[in-house]
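# Examining the three-dimensional arrangement
The lines below spell out each chain.
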Amino acid sequence: MAGNETSNSVPRSQPAAPSLRRPLAVSAVSVLALLMVAGWLIATANRTNTGSHRAVLDRLLTIDRPFPPEGRFPGDPYIGSRACAECHPGEAALHARSGHAVTLRPASRLALARHLDGTTLADPERPEVQWSYQYRDDRLQLARTAPDGVQRWVVDYAFGSGHHATTFVTLVDPAAPRLFEHRLTYYRREHRLDLTPGQHEDEPRPGVTPSGYLNDPRNSRKCFGCHSTQVSARGGRGIDEETMIPNVSCERCHGPGRAHVAAARGGASGDRLTLPFGPDRWTAESQMRLCGTCHRHPSRARPDQLRPDDPQLARFQPVGIIQSRCYRQSGGGFSCLSCHDPHARAAGDRATYDAVCLSCHAGPGSRPQRAVERSQPAAARCPIRPGGDCVECHMPRVDSGQHILFTDHWIRIRRPGQSRTMRRGPGPELDLLVPTEP
Ligand code: HEC
Ligand code: HEC
Ligand code: HEC
Ligand code: HEC
Ligand code: HEC
Ligand code: HEC
Ligand code: HEC
């Protein structure tokens, strides 16, 4: 697995230390044994099986296993987010309840897995096909029964905290792992299973089969990349379930924290506690890039996604914010942090956001509450409703066509029918999309 490329500017790891090798070897043997048993059981149960036979690879660091005290290898700069709670209990408590903290889990650990036990339903597009879910031997199993036979899988991971949706995946071919995205996703709002986004038969894509979507190794790594802190400590482009740090944890945003913890425990103060990405070194722009690595920065969106009338645009909050005059004309005083605590779930109470708008838009003589915004000149008052409900009209929820409502972060004046009269393709509107990446 050793390679000489890493993602995320993370220092390259050393080969596993001898102390680590033995437990790895032991678990590798038991994994192999279980794989063989599981493979045999499934193969004998059904010869048309095309799914994964892996049984016990869902042991993720910081979820099922604590972070090794000495690190995953000598010189490991990461320490795991559990260590942070000791001195930053406030951030830790908020973060633990956020979607970031639980966006990638072994499927067997989900209450949803038990809840689905015994569920059988017809395929949304092919009524002659039945899907059934079983929770047996501590794992979620999935079967597709079609006139031409039965396919079975063991579900390995669940993507998504479930605040909106949970997509189940099975890793196939552990040597060059590819993520098999199951055809059905669980949608929280409707409490039901329906097609996974991108798997409708009327919009065929290469790789999509009647039972799911088999991502290539590169794409598979990308999925893990946005839903974890580090995909592999061993460099290269692989997915390494032994050293992966799942979920968007403290160290994904602040950088590796082992040296910080050691310094703090040793009583250090000031600069010696500086983290790679500490708060006082953010600018609105660098912060937009941090969040944009996953939430999509304009420089990372495909040109055809950058259309004012594209409902998908609402999924890409940094793209929307960067279009907004509030951002562009606030001289760096406006960012995701104006409205969100990066450690917490998005507040559901819309009035809290209106207060943010009014901190700039209350008209001449108003006193913005926040220090950064106090230096800004007062922005225009709303001629329609200057007192509140700002978000309802200027940041409406839109259905991006996937059972999930997203808040359109392009703060603008919306007029009925506007989306239909807006230009498609490049034009003056799109010049606003500063490609800020060099
Ligand atoms: C032993 C105590 C201790 C532990 C453990 C600890 N910190 Fe800190 N941290 C501090 C102290 C002390 C400061 C400086 C005073 C302050 O801002 O609270 C600090 C400051 C910070 C800051 C602001 C730093 C800056 O550059 O301005 C961040 C961010 C931070 N810690 C994140 C973390 C993360 C992430 C972890 C876990 C990897 C962690 N801390 C673990 C004690 C600790
Ligand atoms: C490593 C990728 C990554 C980075 C970096 C990241 N996010 Fe996220 N964010 C996610 C994922 C994945 C989810 C979906 C979580 C879930 O499953 O509910 C999410 C969800 C959210 C949510 C919705 C939480 C809710 O209410 O359900 C907010 C708000 C959010 N992120 C804000 C931010 C902000 C602000 C930043 C930058 C400071 C940021 N994120 C950086 C990946 C990331
Ligand atoms: C470029 C980064 C990125 C990639 C790649 C990515 N995701 Fe996400 N994912 C996000 C972010 C950010 C969110 C939260 C906001 C949203 O839904 O767009 C999210 C949300 C989700 C959710 C919904 C979570 C919830 O309840 O809100 C699921 C499920 C999900 N992703 C699954 C996947 C799967 C499966 C793959 C790979 C096939 C994948 N993602 C690839 C960034 C990414
Ligand atoms: C999604 C990215 C993200 C994650 C995950 C995250 N932080 Fe932060 N954190 C930030 C940002 C951005 C700031 C700066 C906030 C600001 O300036 O208002 C910050 C600020 C801080 C501060 C300084 C607070 C202050 O007021 O000085 C501490 C301490 C901290 N984070 C600790 C943690 C710990 C501990 C965790 C994990 C439990 C964590 N963070 C997870 C993005 C993140
Ligand atoms: C940091 C200050 C700041 C905050 C916070 C802020 N805005 Fe703005 N906004 C501006 C500035 C500056 C402009 C451009 C100049 C003007 O309108 O006076 C602007 C412009 C606008 C416009 C006109 C857009 C256009 O395309 O003509 C609308 C609508 C708007 N803001 C609504 C909102 C809403 C709704 C919120 C809260 C969700 C909000 N703003 C939060 C500073 C801010
Ligand atoms: C002017 C205020 C404002 C700013 C700035 C802002 N958001 Fe939001 N955000 C909201 C509102 C309002 C919601 C909807 C909350 C709700 O009703 O649940 C939201 C929701 C979200 C969600 C949950 C999914 C959704 O679309 O409802 C994510 C993820 C998110 N924001 C990310 C970001 C990121 C990343 C940034 C910076 C690029 C950002 N936000 C900047 C106001 C803001
Ligand atoms: C009922 C829908 C609605 C609500 C609620 C609403 N607005 Fe507006 N807003 C509009 C419309 C429509 C316009 C365009 C008016 C025009 O130019 O004809 C507008 C215009 C604006 C402008 C541009 C003003 C200018 O002179 O350029 C700003 C800024 C603005 N709104 C901010 C806000 C803020 C802040 C709030 C919350 C206090 C808010 N709006 C609440 C519908 C609304």
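Nothing here was measured: the structure is a model prediction, and the numbers come from that model.

## A few points about the overall build of the protein chain
- Scanning the protein chain for helices and strands turns up 16 helices and 15 strands.
- Of the contacts made within the protein chain by residues no fewer than 6 positions apart, 55% connect residues no fewer than 24 positions apart.
- For the protein chain, the computed accessible surface area is about 23,100 Å², with 56% contributed by carbon and sulfur atoms.

## Re the nonpolar core
- Of all hydrophobic cores here, the largest spans 22 residues; its most connected members are L116, W131, Y133, F168, L184 and L193.
- Secondary structure elements with two or more residues in this core: α4 (111-116), β3 (130-136), β4 (139-146), β8 (178-187) and β9 (192-195).
- Every residue in contact with L193, bar those within four places of it in the chain, is listed here: L116, T119, L121, Y133, L184, T185 and Y186.
- Formed by twelve residues, the second largest nonpolar core is a distinct cluster that contains L60, I63, L171 and F224.

## Comments concerning the coordination of the iron atom of ligand 1
- Summarising the metal site, the iron atom of ligand 1 is bound by the protein donors H88 (NE2) and H260 (NE2), whose distances to it range over 1.9 to 2.0 Å.
- The coordination sphere of the iron atom of ligand 1 comprises six donor atoms, whose angles at the metal cover 88 to 179°; the geometry is octahedral. Here H260 lies in helix α7 (residues 258-265) and H88 lies in the loop between α2 (82-85) and α3 (89-96), a separation of 172 residues in the sequence.
- Residue H260 is classed as buried on the basis of its relative accessible area, which comes to 16%.

## Let's talk about the pairing of β9
- Pairing between β8 and β9: four bridges, direction antiparallel. In the sheet register, T185 faces β9, and the bridge partner there is D194.
- Once β8 ends, the chain turns through four residues before running back antiparallel as β9, passing H191 with a positive phi of about 50°.

## Thoughts on the pattern of salt bridges
- Scanning all chains against the criterion turns up 15 salt bridges.
- Between D123 and R183 there is a salt bridge; the shortest N-O distance is 2.7 Å. Remark: R183 occurs in strand β8 and D123 occurs in the loop between β2 (120-122) and β3; sequence separation between them is 60 residues. Taken individually, D123 and R183 each receive the classification buried, so the pair is uniform in this respect.
- Across the salt bridge formed by D194 and R192, the nearest N and O atoms sit 3.2 Å from each other.
- A residue is classified by how much of its surface remains accessible, and D194, at 12% relative accessible area, is buried.
- The exposure class of R192 is partly exposed, given its relative accessible area of 37%.
- Look at the salt bridges and you will find they share partners, linking D123, E125, R126, R183 and E201 into a network.

## Focus on the pairing of strand β5 (residues 149-154)
- As judged from the six bridges shared by β4 and β5, these two strands associate in the antiparallel manner. Along β5, the bridge assignment pairs A146 with G149.

## Comments concerning the site of ligand 1
- Lining the immediate surroundings of ligand 1 are 20 residues, of which C84, C87, H88, H260 and R281 lie closest.
- Measuring from a nitrogen atom of ligand 1, one finds a side-chain N or O atom of H88 at 2.8 Å.
- Take H260: an N or O atom from its side chain is 2.8 Å from a nitrogen atom of ligand 1.
- Within the residue set of the shell around ligand 1, elements represented by two or more residues are α2, α6 (250-254) and α7.
- At four residues, α7 tops the list of elements feeding residues into the shell around ligand 1.
- Class assignment for the residues of the shell around ligand 1 results in ten nonpolar, six polar and four charged.

## Digging into the side chain of R144
- Tracing the sequence through the fold places R144 in strand β4.
- Residues contacting R144, with those up to four places away along its chain left out, are R126, V129, Q130, W131, G149, V150, Q151, W153, P210 and S211.

## Brief notes about the coordination of the iron atom of ligand 4
- Within the protein, H254 (NE2) and H343 (NE2) serve as the donor atoms for the iron atom of ligand 4, at 2.0 Å.
- Seen from the iron atom of ligand 4, its six donor atoms lie at angles of 88 to 179°, and the figure they make is octahedral. Taken together, the positions of H254 in helix α6 and H343 in the loop between α11 (336-339) and α12 (350-361) put the pair 89 residues apart, joining distant regions of the chain.
- The exposure class of H254 is partly exposed, given its relative accessible area of 22%.
- For H343, a relative accessible area of 21% gives the class partly exposed.

What counts and how
Residues numbered from 1 in each chain as written. Chains lettered and ligands numbered in written order. Predicted model: local features only at pLDDT ≥ 70, side-chain atom pairs only at ≥ 80, totals over all residues. Heavy atoms only, no water. Helix = DSSP H or I, 4+ residues; strand = E, 2+ residues; numbered from the N terminus. Contact = heavy atoms within 4.5 Å. Areas by Shrake-Rupley, 256 points an atom, 1.4 Å probe, with all protein chains shown as cover. Core = buried A, V, L, I, M, F, W, Y, C linked by side-chain atoms within 4.5 Å. Buried < 20%, exposed > 50% of the residue type's maximum accessible area, 1.4 Å probe, protein only. Donors = N, O, S within 2.8 Å, 3.2 Å for Na, K, Ca; no water. Tetrahedral: all angles 85-135°; square planar, octahedral: opposite > 155°, others 65-115°. Pairing = 2+ DSSP bridges. Salt bridge = Lys/Arg side-chain N within 4 Å of Asp/Glu carboxyl O. Near = heavy atom within 4 Å. Polar contact = N/O pair within 3.5 Å; in protein donor to acceptor, adjacent residues only side chain to side chain. Nonpolar A, V, L, I, M, F, W, Y, C, P; charged D, E, K, R; others polar.

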